[in-house]
Every structure is written in C-alpha cells, then in structure tokens.
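Summary of structural features
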Amino acid sequence: RRAPGVRHLMSKWLTGLRLAGYGGAYFFAAGAFMSYWPVWLRDRGVTDTEIGTLFMSRQLISVIATLSVGWIAHRLAGTRGVMVALGLGATVMVIAYDFSHSFLAIFVVTMIWGFLWSPPMPLYDGVLVTETRRHGLDYARVRMWSSVAFIGGTFVAGIAVDRYGPPWVLYVGLASIVLLAPCALLLPAAPARAAGAGHGHAAIRVGSLLRQPAFLLFLAATGLCAASHSVLYSFGTLTWRAAGIDDVTISALWAESVAIEIVLMLFGGWLLKRLGPCGLIALGLGAGVVRWTGMAFTTELWALVFLQALHSCTFAANHLGAMAFLQRALPAHGAAIGQSLYYALGTGLTQALVFQFSGLLYSQYGQLAFLAMSLVSAIGMCALLLLVRTWKGGPLVGADERAS
C-alpha cells in the first residue's frame, strides 16, 4: 500500500523539479541582464536616451509577441513546443548581439530579441499555476527557485564584469539561455482533457474580460506597480557605479533584493490568506512610494540595503497578488491567454511607455527620475482602490465559459 504513495511523492517531486528547472534557466539569464545590461549597452556607446528607447521599443514588441504567441499557445492547447522554439531563437539572438556594434544593429537585434524573450514568461507562469494546482504543489515555493537562480545570475555577472569587463554580461546570460529549449522539453505536457478545452470560446472570453472594469483596473494597478521599476532596471546599476560603488557590491545589492523576495515567497500562502490578492498588490504599491522616493535622494549603501529589501513587496507581493487574482478570475484552461493579457497589456504596455519616459527624465534629471516612479506607484494605488470597490473576489467570466 505504501508503494503507490511513494510513487505519488516521487512524481510530485519530479514535477516540481521540472517546473523549477525551466524557471532557473530563464531567471539566471534574467538576473545577469537586468542588473548589467545597461552596462553592456553603455560599453557599446549607447547613450542614456537611446537606452530608454531600446527598453521602450523592446517592451512594445513584447506586447505584440506576448499576445500573439499566447493566442497561438492557447489555440494549440499546449505551450511546450512553443517554448522550445522560443528558447532556440533566443540562443541565436544572444550570439547575434555579440556581433552588433552600431546602435542600428543593436536596435534590430533588440526588436527580434524582444519578440523571443518575453512570451516564455507568461507561458511558463501559466504552466506553473496550472500544474502546481493540479499536483498539489505550492506555487510560491516552486517559483522561489527562479528567484534563487536570479541571484546566481546577478552575482556571476557582477563578478565577471568586475574581472573581465562588460562584454561578459552576454556570455553569462548565454550560459543558461542555451538550456531553455532542453528545459522546456522537460515541462509537463498539457493534460489530455484540456486538448479541446477553450476552442471556440477564446474570443468571447477575451472580449468579456476586456469589457470588465475590474479586469482593466487590475491591469492598471499591477502594471503600474511593475512599471515603477523602470528607472531602477534601466539606470540603477549606472547610478550606483557613478556613486563609486563597485560591481561586486552592486551585484550583492541586486541579489539582496531577490533574496528577501524569496523570504516573502516562502510566506506567500500565509500572506494571501490574510491580505487577499488586492492586499498583496496594495503592499507592493505602497512600498513603491517609499522605495522610489528614497532612491531619488540617496546612494548611501546602508540606505540602499533597506530600499532594495522593499523589492520583496514591490515585485514579489504584487506578483503573487496578480497570480492569485488570475487564478480566481479565470478558468484553468484560460491560463495561457490570461497570463498573456496580464503580461502584455498590464506589465508590458505600461512598462514600455514608462521606460521611454524614464530615459528622457534620467537624461535630464539623473537620480531624481526615481521620484516619477513614486508618482507611478501612487497612481497605481488609486486604480487598486477602485478595484477593491468593483471586484468581489469571484470569477470575471460566465459560468458557461468556465465550464467549457
């Protein structure tokens, strides 16, 4: 009688390992690029305004890619093959970056890169939400390993840049990007019963969602919280370098922000029960006002340690709240398209606009550009307050759609 139980536990453990493996490969590269990509661009002669343009343009392409690839994956009733293809394409484009030296060449590669790099994240989160629920796993604890990998990528990139120079940002990222396609092959396949689910209903469901004030307010609140990181992602490392902070310490600051995020992930279920989805999103937006105001006025190391710790709220709490909202508002078979709408219209489109705005502000006002991100967080909080009054915690589509 114990054998089936052991097999069940082994199957559950292996499923968690397969799910965590892809996230680890993706986020190791994300850690290297997010913390040191602007340093690589500056080393290639790209100006601050051009950096903002690159980030904005990539985000705009990402919106189109996320929606179109998400729709394709939804119609195919599976994401694994799509993620394999995207992983192979991403590998090719990282290599192409190494041969790009003019702004035009970097811009062209960035556009293709944006199309390939962004869609896997919502697809992966859709698989993660569905499979953790199906196998009785804790979403936050599995997702936590992505954060661990992010720390690893940040540290390795920081050490590599410190010892060998900015070109090594690419090589560190490539080391894990080549693993994306193999790890995607190891992801659980869509359950057979979902193969026909959702056909003929996708357009109605999407149209219904986009006509729902609660869903639009959700996109605005979570999207603005994510977009408030724009100055940090584009110019945080450059600001700290200009203040005389060395690359190893900078990588430690990035790693610290994700390490404290892991702590919040560990208690994500407990917090969700007490705060609910909207409460978690509010925690992120409120922390954003404090974090960005502080970063506008100081580069003291002790202060940055505290402000980076708030990433546990501005990113992790907001993300967990968003995932919980989508899980309650959408049927299981709508995970792929729901995640794609969230990433494309919420975080993607909003962040694209704020990225360009950030580049222009930073080129004019430098570090004070962080103050604008405080305003972005405050506007997001206003949207969230309206969401609390509008959404009662139930599904945002009809019962017939959820049963289809």
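Scoring rules and cut-offs
- Residues numbered from 1 in each chain as written.
- Predicted model: local features only at pLDDT ≥ 70, side-chain atom pairs only at ≥ 80, totals over all residues.
- Heavy atoms only, no water.
- Helix = DSSP H or I, 4+ residues; strand = E, 2+ residues; numbered from the N terminus.
- Buried < 20%, exposed > 50% of the residue type's maximum accessible area, 1.4 Å probe, protein only.
- Contact = heavy atoms within 4.5 Å.
- Areas by Shrake-Rupley, 256 points an atom, 1.4 Å probe, with all protein chains shown as cover.
- Phe/Tyr/Trp six-rings, centres within 6.5 Å; stacked < 30°, edge-to-face > 60°.
- Axes fitted to C-alpha atoms, helices over the stretch in contact; angles between N-to-C directions.
- Parallel < 35°, antiparallel > 145°, perpendicular 65-115°, else oblique.
- Left-handed = near helix turned anticlockwise from the far one by under 90°.
- Nonpolar A, V, L, I, M, F, W, Y, C, P; charged D, E, K, R; others polar.
- Expected span 1.5 Å × (residues − 1).
- Bend = angle between axes of the 7 residues up to and from the residue.
- Salt bridge = Lys/Arg side-chain N within 4 Å of Asp/Glu carboxyl O.
- Patch = residues over 30% accessible without salt bridge, like charges linked within 9 Å, V, L, I, M, F, W, Y side chains within 5 Å.

Right, let's get into the overall build of the protein. Within the protein, the secondary structure is distributed over 18 helices and zero strands. The buried share of the protein, taken over its 404 residues, is 59%. The long-range share in the protein, meaning contacts at least 24 apart out of those at least 6 apart in sequence, stands at 86%. Roughly 16,000 Å² of accessible area belongs to the protein as shown, and the carbon and sulfur atoms make up 70% of that amount.

Attention shifts here to the packing of aromatic side chains. According to the stated counting rule, one finds 22 aromatic pairs in the structure shown. Here the aromatic rings of Phe33 and Trp113 are separated by 5.9 Å at their centres, their planes lie at 80°, and the arrangement is edge-to-face. Of this pair, Phe33 sits in helix α1 (residues 2-43) while Trp113 is found in helix α4 (residues 103-117), placing the two residues 80 residues apart along the sequence. The buried category is assigned to Phe33, whose relative accessible area is 10%. An aromatic cluster is present here, built from Tyr22, Tyr26, Phe27, Phe33, Trp37, Trp40, Tyr97, Trp113, Trp117 and Tyr124 joined pairwise through their rings.

What follows concerns the packing of helix α10 (residues 213-227) against helix α17 (residues 370-390). Where α10 meets α17, the axes come as close as 8 Å, and the angle between the chain directions of the two elements is 155°. With respect to α17, the element α10 is oriented roughly antiparallel. Helix-helix and strand crossings are classified by hand; for α10 and α17 the assignment is left-handed. Here α10 contributes Pro213, Ala214, Leu217, Phe218, Ala220, Ala221, Leu224 and Ala227 to the contact with α17, which in turn contributes Met373, Val376, Ile379, Gly380, Ala383, Leu384, Leu386, Leu387 and Thr390. For the contact of α10 with α17, the class distribution of residues is 15 nonpolar, two polar and no charged.

Attention shifts here to helix α11 (residues 230-242). Helical geometry: 3.6 residues make up each α-helical turn, so side chains three or four residues apart lie on a common side. Across its 13 residues, α11 extends 18 Å between first and last C-alpha, which sits within 8% of the 18 Å expected from 1.5 Å per residue. Along α11, the helix axis deviates most sharply at Gly236, where the bend reaches about 55°. Of all 13 residues that make up α11, 11 are buried, and the element is covered over most of its length. Taken residue by residue, α11 has Ser230, Val231, Leu232, Tyr233, Ser234, Phe235, Gly236, Thr237, Leu238, Thr239 and Trp240 as its buried positions. Just downstream of α11 lies Gly244, where phi reads positive at about 95°.

Glancing now at the pattern of salt bridges. Two side chains carrying opposite charge are able to pair once their charged atoms lie near each other. Enumeration according to the criterion identifies four salt bridges in this entry. Residues Arg44 and Asp98 are paired through a salt bridge, measuring 3.8 Å at the closest nitrogen-oxygen approach. Pair noted here: Arg44 is in the loop between α1 and α2 (48-76) and Asp98 is in helix α3 (residues 80-98), with a separation of 54 residues, a long-range link. With a closest N to O distance of 2.8 Å, Arg241 and Asp247 form a salt bridge. Residue classification places Arg241 among the partly exposed residues on the basis of a relative accessible area of 33%. Taking the relative accessible area as the measure of exposure, Asp247 reaches 8% and is therefore buried.

Our focus in this paragraph is the packing of helix α6 (residues 139-164) against helix α12 (residues 247-266). Where α6 contacts α12, the axes come no closer than 8 Å and their chain directions differ by 175°. In terms of orientation, α6 and α12 fall into the roughly antiparallel class.

Taken together, the side chains of Ile260, Val263, Leu266, Phe267 and Trp270 present a nonpolar region at the surface, about 440 Å² in accessible area. Take the nonpolar patch: its biggest share by element is three residues, from α12. Looking at the secondary structure, you find Ile260 in helix α12.

Keep in mind these values describe shape, not function.
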